[in-house]
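# Structural overview
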Amino acid sequence: MTPQPLQPPAVAALLQSAAATIHAELAALPVLVLEFHPAEGEWCVKEVLGHLIETERRGFSGRIRIILESDTPALEGWDQDAVARARNDCRRDWASLYQEFIQLRSVSVAQVARLAPADLPRGGTHPKVGLLTVSDLLHEWVHHDRNHIRQMLANVQAHAWPHMGNAQRFSQP
């Protein structure tokens, strides 16, 4: 059985919750962990936050705005890794990154809270995946936030792992 779709007020609350979770975790991390790359080519926690900033602008809030401004517009893709390299977020202060994120997120939460039922089936065409409706984007946004929160938490775990000594045996199958 498929669960009922989330409505805009619930999505708005989940977007706020994700921002609070991200702030709590990042505020507790020392710079050493914020800048830790678990493997070659993988993002550090600050780069994950930079990605969330860009997806706020380009992927979710930005696409919803574009969809609501015209009928079935063409939506653009973007090279996430190239944007991440250009942003150079690993070298930035986490608090300024979070400030950039929360300013965008606050606007996004208000945008989502204002959505009407008639807005949800409206859509745009993405070159890679085809038609994306506002409802699709809202649900992907909730999923995407939690996926990247999990990534941030996994980075912290990867940093702690080699220092666990024999306690690693508690976590091995």
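Residues numbered from 1 in each chain as written. Predicted model: local features only at pLDDT ≥ 70, side-chain atom pairs only at ≥ 80, totals over all residues. Heavy atoms only, no water.

This part is about the environment of D89. With respect to the helices, strands and loops of the structure, D89 is situated in the loop between α4 (80-87) and α5 (94-113). Measuring from C-alpha to C-alpha, the distance between D89 and C44 comes to 8.8 Å, with 45 residues separating the pair along the chain. Discounting residues that sit within four places of it in the chain, D89 has contacts with K46, E47, G50 and L97. In terms of polar contacts, D89 uses its side chain to reach the side chain of R87, at 2.7 Å. (Helix = DSSP H or I, 4+ residues; strand = E, 2+ residues; numbered from the N terminus. Contact = heavy atoms within 4.5 Å. Polar contact = N/O pair within 3.5 Å; in protein donor to acceptor, adjacent residues only side chain to side chain.)

A word on the environment of P127. By the element assignment, P127 lies in the loop between β1 (123-126) and β2 (130-133). Along the backbone, P127 and G77 are 50 residues apart, and their C-alpha atoms lie at a distance of 6.9 Å. With residues up to four places along the chain from it excluded, the contact list for P127 reads L75 and G77.

The subject of this paragraph is the nonpolar core. Formed by 20 residues in total, the largest nonpolar core has its most connected members in I22, L26, L49, Y98, F101 and M152. At the level of secondary structure, the elements contributing two or more residues to this core comprise α1 (8-28), α2 (31-34), α3 (45-69), α5 and α6 (134-160). Considering each element in turn, this core owes the most residues, 5 residues, to α3. Dropping the residues within four chain positions of it, F101 is found in contact with A19, I22, L49, L52, I53 and E56. A12, L75, V112 and W141 belong to the second largest nonpolar core, which has 17 residues in total. (Core = buried A, V, L, I, M, F, W, Y, C linked by side-chain atoms within 4.5 Å. Buried < 20%, exposed > 50% of the residue type's maximum accessible area, 1.4 Å probe, protein only.)

A word on the pattern of salt bridges. Applying the stated rule across the entire model yields 13 salt bridges. Ionic pairing is found between E54 and R57, a salt bridge with its closest N-O pair at 3.1 Å. One end of the pair, E54, and the other, R57, are both in helix α3, 3 residues apart, so they sit about a helical turn from each other. Between R65 and E69 there is a salt bridge, and its shortest N-O distance comes to 3.7 Å. Of this pair, R65 and E69 both sit in helix α3, separated by 4 residues, roughly a single helical turn. For R65, a relative accessible area of 41% translates into the label partly exposed. (Salt bridge = Lys/Arg side-chain N within 4 Å of Asp/Glu carboxyl O.)

For the rest of this paragraph, the subject is α3. Between its terminal C-alpha atoms α3 stretches 34 Å, which fits the 36 Å expected from 25 residues at 1.5 Å a residue. The largest bend in α3 is about 50°, located at G62. With 19 of 25 residues buried, α3 lies mostly within the body of the structure. (Expected span 1.5 Å × (residues − 1). Bend = angle between axes of the 7 residues up to and from the residue.)

With that out of the way, let us pick up empty space enclosed by the protein. In total, this model carries 1 cavity of 30 Å³ or more according to the counting rule given. Looking at the largest cavity, its volume works out to about 40 Å³. Lining the largest cavity we find W43, E47, G50, H51, E54, W78, Q80, V83, A84, R87 and D89. Those elements giving two or more residues to the lining of the largest cavity turn out to be α3 and α4. (1 Å grid on protein atoms, 1.4 Å probe; cavity = no way out; pocket = protein on both sides within 12 Å on 5 of 7 lines; lining within 4 Å. Points joined across faces, edges and corners; volume = space filled by probe spheres on them.)

Okay, the pairing of β1 next. Strand direction decides the pairing type here: β1 and β2, joined by 4 bridges, are antiparallel. Paired with G123 across the strands is T133, a residue of β2. Between β1 and the antiparallel strand that follows it, β2, lie 3 residues. (Pairing = 2+ DSSP bridges.)

Per the counting criterion, the structure on display carries 0 disulfides. The structure places no disulfide on C44, whose sulfur is separated from the nearest cysteine sulfur, that of C90, by 3.3 Å. Classification of C44 by relative accessible area gives buried; the value is 0%. By relative accessible area, which is 13% here, C90 ends up buried. (Disulfide = S-S within 2.5 Å.)

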